[in-house]
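A structural walkthrough
So the chains spell out like this:
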Amino acid sequence: MRFVARSLSNFKFNGLNILVTGANGQLGSEIKRIASQANHYNYVFVDVEEMDLASDEAIFRFFNGKNFDFIINCAAYTAVDRAEEDRELAYRINSGAVKTLAGICRTENIRLIHISTDYVFDGRGNKPILETAETNPLSVYGKSKLEGEVHVLSTLKDAYVIRTAWVYSSYGRNFVKTISRLASERQSINVVNDQIGSPTFARDLAAALIKIIEATSSGRADSPGVYHYTNEGCISWYDLARFIVDHYKFRCEVLPIPTEEYKTLATRPVFSVLDKRKIKKTFGIEIPHWHKSLVDCLNE
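Computed from a prediction, not measured in an experiment: that's the story for all the values here. (Residues numbered from 1 in each chain as written. Predicted model: local features only at pLDDT ≥ 70, side-chain atom pairs only at ≥ 80, totals over all residues. Heavy atoms only, no water.)

Attention now moves to empty space enclosed by the protein. In this structure the tally under the stated criterion is one cavity of 30 Å³ or more. Estimated volume of the largest cavity: approximately 50 Å³. Taken together, Asp118, Tyr119, Trp166, Gln195, Trp237, Arg268, Pro269 and Ser272 make up the full set of residues lining the largest cavity. A class-by-class count of the residues in the lining of the largest cavity yields four nonpolar, two polar and two charged. (1 Å grid on protein atoms, 1.4 Å probe; cavity = no way out; pocket = protein on both sides within 12 Å on 5 of 7 lines; lining within 4 Å. Points joined across faces, edges and corners; volume = space filled by probe spheres on them. Nonpolar A, V, L, I, M, F, W, Y, C, P; charged D, E, K, R; others polar.)

Here it is in structure tokens:
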């Protein structure tokens, strides 16, 4: 997969053409890393500077004169608490812009892979959540992301919606980097111990998305719809923080607290473990355990 670093004014493709939105985010950055190390696809990476998702005019203007085979839509409004007060922009990016992209994909015959979230569920169960489980988002972020899913699935019969959770990377802002920083600065930190999920290394998810494109474009496997992807295993935020602190041997005490003592504007799902059997069976994807992937990331 060849990383294409060409100006958009000289836009010309050879081979399979893939547009990645949210290029500077965690997942976009990891796809870019993969693209720079392989050599048989053409990639174009865009962020808000090249295509402002808050503006339909900007979106249409970007696509004028360009042709793509796939779009991986990593872009989203992900500030979960801020979304409660910035509702209009959250819906504009997570729902309205997605509707516009889906319409363009239908008109231009582009395959769309749209990234969604565990926040579309209320997290009140205690078993891994199937793709077919009833959705019930508890926050503006979750509701806006669910609307985006609905736009994709109602507009396109050949799209993929990939739900993920607890994403981290060496790029961008995330729980792993925040805990690493706080534990190096403080003698103690409080972390909730009653929210359970599966950490997801963005690099593993990026590799899975490329495998889906490879399988779909080759005709080996092409079964559009909703899929779940996280790393294997599950853990609480508290135990995850303890793991990070122990790995770095920080002299910081991690104190467990219940969610009710950690006040946030947005309500989080309590149980976010996603069932991944469908994506593994359909595309033959082997998913690493969170422990291995986290150690790989921390050791970089």
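Looking now at the nonpolar core. Ranked by internal contacts, the top residues of the largest apolar core, which has 34 residues, are Leu19, Met51, Leu53, Ile59 and Phe63. For this core, the secondary-structure elements that each account for two or more residues are strand S2 (41-46), helix H2 (56-63), helix H3 (87-108) and helix H4 (140-155). Per element, the largest residue contribution to this core is nine residues, and it comes from H3. If near-sequence neighbours (up to four positions away) are discounted, Met51 is found in contact with Thr21, Val46, Ala58, Ile59, Phe62, Phe63 and Leu101. Judged by nonpolar contacts, the second largest core, of 33 residues, contains Ala35, Phe70, Leu205 and Ala215. (Core = buried A, V, L, I, M, F, W, Y, C linked by side-chain atoms within 4.5 Å. Buried < 20%, exposed > 50% of the residue type's maximum accessible area, 1.4 Å probe, protein only. Helix = DSSP H or I, 4+ residues; strand = E, 2+ residues; numbered from the N terminus. Contact = heavy atoms within 4.5 Å.)

Let us now look at H3. Along its 22 residues, H3 runs 30 Å from first to last C-alpha, staying within 8% of the 32 Å computed at 1.5 Å per residue. When the local axis directions of H3 are compared, the greatest deviation, roughly 35°, occurs at Ile93. Looking one or two places after H3, you find Asn109, whose phi comes out positive at around 60°. (Expected span 1.5 Å × (residues − 1). Bend = angle between axes of the 7 residues up to and from the residue.)

Counted by the stated rule, this structure contains 13 aromatic pairs. Both rings, one in Tyr43 and one in Phe45, keep their centres 5.6 Å apart while their planes meet at 10°; by these two values the pair is stacked. Taken individually, Tyr43 and Phe45 each receive the classification buried, so the pair is uniform in this respect. Clustering of aromatic rings is evident, with ring pairs tying together Phe62, Phe63 and Phe68. When the ring centre of Phe62 is taken as reference, the NZ or CZ atom of Lys66 above it lies at 4.6 Å. The cationic tip of Lys278 hangs over the ring face of Tyr227; the distance from NZ or CZ to the ring centre is 4.4 Å. (Phe/Tyr/Trp six-rings, centres within 6.5 Å; stacked < 30°, edge-to-face > 60°. Lys NZ or Arg CZ within 6 Å of the ring centre and 35° of its normal.)

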